[in-house]
Amino acid sequence: MDKPLTYKHDGSGPFKGEVGSLTRNILFKTELLGANEATLQSDVGTRKFAHTMRMFGSKGDTQYAEFKYMGHYGTLARYTIHPHLMEATSNGMVIRGNSMWYTGFRWINIHSSDGILVEDNVGFSSAGVGYFVEVDVDNSGNQPVIVGISDNTAFIHNLGVQTLSSAFEDRGGIVEFWRVSAFWLSNSLGEAFMGNVAVGTRSGGSGEASGYWDVEGTVPSVMGDWFIKNEAHANEGSGHSTWSNFREASEDSIDSFSWRNGGPGFDLGAYTGEFYV
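Note that the structure is a prediction, hence the values are computed from the model and not measured. (Residues numbered from 1 in each chain as written. Predicted model: local features only at pLDDT ≥ 70, side-chain atom pairs only at ≥ 80, totals over all residues. Heavy atoms only, no water.)

**Details of the overall build of the chain**
Okay, step 1: On a plain count of helices and strands, the chain comes out with one helix and 27 strands.
Okay, step 2: Taking all 277 residues of the chain together, the buried fraction comes to 49%.
Okay, step 3: Surface exposure of the chain reaches about 12,600 Å², of which carbon and sulfur atoms provide 54%. (Helix = DSSP H or I, 4+ residues; strand = E, 2+ residues; numbered from the N terminus. Buried < 20%, exposed > 50% of the residue type's maximum accessible area, 1.4 Å probe, protein only. Areas by Shrake-Rupley, 256 points an atom, 1.4 Å probe, with all protein chains shown as cover.)

Shown next as structure tokens:
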């Protein structure tokens, strides 16, 4: 919204919704000469923006900043906020209180980086996936081998609204050209997802759109050790979807809510893993 409401909205009953502030005093923004803002906002394929990347050994947190028109549509490693292959050097890092909107590719991408707290962030309108946990897999042998994961990462009280369809390739060794979600949980140990909300994912007719997705594949996978008090509503597909035939540990899914989605509230798509719901 860019102006006050004319009428009172109670936000009760079937009209409940989410409210998040998108503006901050510190702004990171891509300026494209001659670009039409209406087109950038309506057509995700035109969002070919700048990106940020935190490398191995870098220090500092990312807090209370605004990221608008960031991330390059459909281009791997070109994301809005991106800790990249930091391994243990990212232990203790905090990504808190940021807003990310009209982005070209993901809001926050944690790539083989350990011990990061992602808290109180707001994301609106991105391509493919909003909050993404990424791993590296060596596929040179007969069986895929995980060579990089993101240990002990916590996503707490983040809001993801309106992730839109985009073809993308998951570096976990599985090509995912159709799945859309606000939160993508994959192949990490000691993950915690608590108090997050996923709203309004849309596939654009190209495939499956869920609030939360567990990666599908043939590599050992842990969707998250703790999944507590998360919420999903108004998504085109399921609220919470899993496909995890190879799990190294069970997942606890506790006190979470999934309502008014187009598909099941909880869609357990594979059966060899352990779940406590």
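**So, the environment of Ile-149**
Okay, step 1: Relative to the helices and strands, Ile-149 resides in the loop between β12 (145-148) and β13 (154-156).
Okay, step 2: By relative accessible area, Ile-149 is classed as partly exposed at 21%.
Okay, step 3: Residues Ile-149 and Val-135, 14 residues apart in the sequence, show an inter-C-alpha distance of 4.8 Å.

**Observations concerning the pairing of strand β14 (residues 159-164)**
Okay, step 1: Relative to β14, strand β9 (residues 122-127) is paired through five bridges, and the arrangement is parallel. Bridging across to β14, Gly-123 finds its partner in Gly-160.
Okay, step 2: Across three bridges, the pairing between β14 and strand β19 (residues 197-199) is parallel. When the bridges of β19 are listed, Leu-159 appears paired with Val-197. (Pairing = 2+ DSSP bridges.)

**Regarding unusual backbone geometry**
Okay, step 1: Unlike most non-glycine residues, Ser-112 shows phi in positive territory, near 45 degrees.
Okay, step 2: When you line up the elements, Ser-112 lands in strand β7 (residues 108-113).
Okay, step 3: Judged by relative accessible area, Ser-112 falls into the buried class, the value being 4%.
Okay, step 4: Phi at Asn-152 takes a positive value of approximately 55 degrees, unusual for a residue other than glycine.

**Quick word on the nonpolar core**
Okay, step 1: Core analysis: the largest hydrophobic core is formed by 24 residues, its most contacted members being Ile-108 and Phe-183.
Okay, step 2: Every element with two or more residues in this core is listed here: β7, β10 (129-134) and β17 (180-185).
Okay, step 3: By residue number, the principal contributor to this core is β17, which donates three residues.
Okay, step 4: Counting residues in each nonpolar core, the second largest holds five residues, with Leu-40, Phe-49, Trp-101 and Tyr-102 among its members. (Core = buried A, V, L, I, M, F, W, Y, C linked by side-chain atoms within 4.5 Å.)

**Section: the sheet that holds β9**
Okay, step 1: Ordered in space as β1-β3-β6-β9-β14-β19-β22-β25, the eight strands form an open sheet in which the pairing is parallel. Each edge of the open sheet carries a strand with a single partner, namely β1 (27-29) and β25 (257-259). Between one strand axis and the next, the sheet turns by 15 degrees as a mean value, whatever way the strands run. (Axes fitted to C-alpha atoms, helices over the stretch in contact; angles between N-to-C directions.)

**Let's talk about the environment of Pro-83**
Okay, step 1: Tracing the sequence through the fold places Pro-83 in the loop between β3 (66-68) and β4 (84-87).
Okay, step 2: On the basis of relative accessible area, Pro-83 is assigned to the buried category, the value being 1%.
Okay, step 3: C-alpha of Pro-83 to C-alpha of Met-93: the two residues are ten residues apart in sequence and 9.6 Å apart in space.
Okay, step 4: Excluding residues within four positions of it along the chain, Pro-83 makes contact with Arg-54, Ile-95, Asn-109, Ile-110, His-111, Ser-113 and Ile-116. (Contact = heavy atoms within 4.5 Å.)

**Quick notes on the confidence of the model for the chain**
Okay, step 1: Per-residue pLDDT for the chain averages 84, and the proportion of residues at 70 or more is 79%.
Okay, step 2: In this model residues 170-175 is a low-confidence stretch, pLDDT under 50, and it forms 20 contacts with partners more than four residues away in sequence or in other chains.
Okay, step 3: Within the model, the stretch residues 217-223 combines pLDDT values under 50 with 36 contacts to residues more than four positions away or in other chains. (pLDDT = per-residue confidence, 0-100.)

**A short note on the sheet that holds β7**
Okay, step 1: Here seven strands make up an open sheet; going across it, the order is β4-β7-β10-β17-β20-β23-β26 and the pairing parallel. Among the strands making up the open sheet, the edge pair consists of β4 and β26 (266-268). Averaged over all neighbouring strand pairs, the angle between strand axes comes to 25 degrees, with direction disregarded.
Okay, step 2: The pairing of β4 with β7 spans two bridges and is parallel. When the bridges of β7 are listed, His-84 appears paired with His-111.

**A look at the pattern of salt bridges**
Pairing of side chains with opposite charge becomes possible as their charged atoms draw close.
Okay, step 1: As enumerated under the stated definition, the model contains two salt bridges in all.
Okay, step 2: The partner of Lys-29 in a salt bridge is Glu-31, with the nearest N and O atoms 3.9 Å apart.
Okay, step 3: In this structure, the salt-bridge partner of Glu-119 is Arg-96, at a minimum N-O distance of 2.9 Å. Pair noted here: Glu-119 is in strand β8 (residues 117-119) and Arg-96 is in strand β5 (residues 94-96), with a separation of 23 residues, a long-range link. (Salt bridge = Lys/Arg side-chain N within 4 Å of Asp/Glu carboxyl O.)

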